[in-house]
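Below, each chain spelled out in residue letters.
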Amino acid sequence: VHLEHELRGAWDRGELSLVYQPVYRLGDGAMVGAEALLRWRHPEQGLVAPSVFIDVAEQSGLIETLGPQVLRAACQDAVRWQHVRPAASEPLFVSVNVSPRQLRSGDLPNVVAACLHDTGLAAHNLHLELTETAVIGDEIHASNLLARLRSTGVKVWLDDFGTGFSGLSHLRRVPVDGVKIDRSFIADVLRDPDDLALTTAIIAMAHSLGITVVAEGVEKEGQYAVLRERGCDLAQGYWLGHPVGADEFMTLLG
Ligand code: G
Ligand code: G
Ligand code: MN
Ligand code: NA
């Protein structure tokens, strides 16, 4: 109850901020975008883990105001990135996490359209990350929403892919542009033949469906090398780059 109360005004008090973790293309090593991750610096408790406060925001319904604020800030930052990039370079995407409740609210396509309109970010430079659990249950509703979003040019990614119970069957019914292989698979990809086999199978299956694959949690050069060899498209992780504040991220682009 305390946290909920304190979280309520946290955005306006400037306690919440976004950090950005760069995402790279394995083929040529180019940075192609970044994932926005929310941070809460509580005045007494210091950094509160997102796993804690996102959950509070979900349960309390606060996410319905916080989610659009995050989306708008991420789009604004992404527009600034394009301005500091050399003229000929390809635009960077920004990837924003969307919680199950935000998806269920049904208002998401309108919120997204308003953010793109007001900030001037091109739709294809916005990626939305949904967890598998967000689309479980009401797959018809979810797939209609996702189809509406994708028809505007926004890209939809399934986050934490492989951890859900029936990841493969979802891809038949829920239209997405990409999957992010959960970092628990990547962690042991060099040691555990099963994890390597699963990762390789996810890449092959996604590609056969025309879906892009991102590997999360790349912490070692060897993981990067094996993912590249297996044809994974994109990667992020501490070996490639930690999440950094908006200003520091800008300095990576010059
Ligand atoms: O940095 P990391 O500890 O930031 O994030 C932990 C979890 O919190 C991840 O599962 C991530 O998807 C989630 N998360 C981080 N930022 C956001 C956000 O802005 N919105 C939502 N819904 N989830 C977020
Ligand atoms: O669930 P989601 O994918 O949105 O989670 C992103 C989380 O993963 C963030 O907490 C982020 O800080 C964390 N993260 C990013 N790169 C790495 C990594 O290489 N290793 C580990 N262990 N966590 C990472
Ligand atoms: Mn994510
Ligand atoms: Na993930």
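Keep in mind that what you see is a predicted model, and the values were worked out from it rather than measured.

Calculation notes
- Residues numbered from 1 in each chain as written.
- Chains lettered and ligands numbered in written order.
- Predicted model: local features only at pLDDT ≥ 70, side-chain atom pairs only at ≥ 80, totals over all residues.
- Near = placed C-beta within 6 Å.
- Helix = DSSP H or I, 4+ residues; strand = E, 2+ residues; numbered from the N terminus.
- Nonpolar A, V, L, I, M, F, W, Y, C, P; charged D, E, K, R; others polar.
- Buried ≥ 20, exposed ≤ 12 C-beta atoms within 10 Å, placed from the backbone.
- Contact = placed C-beta atoms within 7 Å.
- Core = buried A, V, L, I, M, F, W, Y, C linked by C-beta atoms within 7 Å.
- Axes fitted to C-alpha atoms, helices over the stretch in contact; angles between N-to-C directions.
- Left-handed = near helix turned anticlockwise from the far one by under 90°.
- pLDDT = per-residue confidence, 0-100.
- Parallel < 35°, antiparallel > 145°, perpendicular 65-115°, else oblique.
- Expected span 1.5 Å × (residues − 1).
- Arc of directions from axis to C-beta.

**Q** Where do I start with the site of ligand 1 in this structure?
**A** If you check the shell around ligand 1, you find L37, L38, P50, S51, I54, V70, N97, V98 and S99 and nothing else. Elements represented by at least two residues in the shell around ligand 1 include exactly β2 (31-42) and α2 (50-60). Ranked by residue count, the leading element in the shell around ligand 1 is α2, at three residues. For the shell around ligand 1, the class distribution of residues is six nonpolar, three polar and no charged.

**Q** I tried to follow the environment of A114 on my own but got confused; where do I start?
**A** Note that A114 resides in helix α5 (residues 108-119). Taking the C-beta count within 10 Å as the criterion, A114 has 14 such neighbours and is therefore assigned partly exposed. A sequence separation of 48 residues divides A114 from L66, and the C-alpha atoms of the two residues are 15 Å apart.

**Q** Please clarify how the environment of L126 should be interpreted in this entry.
**A** With respect to the secondary-structure elements, L126 resides in strand β5 (residues 126-131). Separated by 93 residues in the primary sequence, L126 and G33 have C-alpha atoms spaced 9.5 Å apart. Not counting the four nearest positions on each side in its chain, L126 is found in contact with C75, F93, V94, L116, L121 and V154.

**Q** I keep staring at the nonpolar core and nothing clicks. Help me out?
**A** The tendency in soluble globular proteins is for nonpolar side chains to be buried side by side. If you look at the biggest cluster of nonpolar residues, it comprises 72 residues, and the most contacted ones within it are A74, V179 and A235. With nine residues, the single largest contributor to this core is helix α3 (residues 63-84).

**Q** Just to check I follow, could you spell out the environment of L240 for this structure?
**A** Here L240 is to be found in the loop between β9 (234-235) and β10 (244-245). A residue is classified by how many C-beta atoms lie within 10 Å of it, and L240, with 18 of them, is partly exposed. With sequence-adjacent residues up to four places away left out, L240 is seen in contact with P22, Y24, V218 and A235.

**Q** How should the packing of α3 against α5 be read in this particular structure?
**A** In a packed pair of helices, the relevant descriptors are the angle between the two axes and the axis-to-axis distance. The geometry of α3 relative to α5 is characterised by a closest axis approach of 9 Å and an angle of 30° between their N-to-C directions. Here the hand of the crossing between α3 and α5 comes out right-handed. The segment α3 lies against α5, with P68, L71, R72, C75, Q76 and V79 engaging V111, V112, C115, L116 and T119. Grouping the amino acids of the contact of α3 with α5 by side-chain chemistry returns eight nonpolar, two polar and one charged.

**Q** Looking at this model, I keep getting lost on the confidence of the model for the protein. Mind explaining?
**A** Regions with low pLDDT should not have their predicted coordinates read in detail. On average, residues of the protein score 93 in pLDDT, and 98% of them reach the 70 mark or higher. We note a pTM of 0.96 for the whole complex and an ipTM of 0.96 for its interfaces.

**Q** Would you mind going over the packing of α5 against helix α7 (residues 139-151) with me for this structure?
**A** Contact pair α5 / α7: the axes reach a minimum separation of 10 Å and the direction vectors enclose 15°. Classified by the angle their axes make, α5 and α7 are roughly parallel. Considering how the two elements wind past one another, α5 and α7 form a crossing that is right-handed. When α5 is examined against α7, the residues L108, P109 and V112 are found in contact with a partner set consisting of L145, R148 and L149. Looking at the contact of α5 with α7 residue by residue, the classes come out as five nonpolar, no polar and one charged.

**Q** Could you clarify how one ought to interpret α7 in this entry?
**A** Structurally, the α-helix is built with 3.6 residues per turn, so residues lying three or four positions apart point the same way. Across its 13 residues, α7 extends 18 Å between first and last C-alpha, which sits within 8% of the 18 Å expected from 1.5 Å per residue. Taken together, the buried positions of α7 are occupied by A142, L145, L146 and L149. The buried side chains of α7 occupy one side of the element, clustering within an arc of 95° when seen end-on. Facing away from the buried surface of α7 by more than 90 degrees, the exposed residues are I140 and S151. Residues of α7 that are buried make contact with α4 (100-104), α5, β5, α6 (132-135) and β6 (155-161). Looking at the residues trailing α7, positive phi occurs at G153, about 105°.

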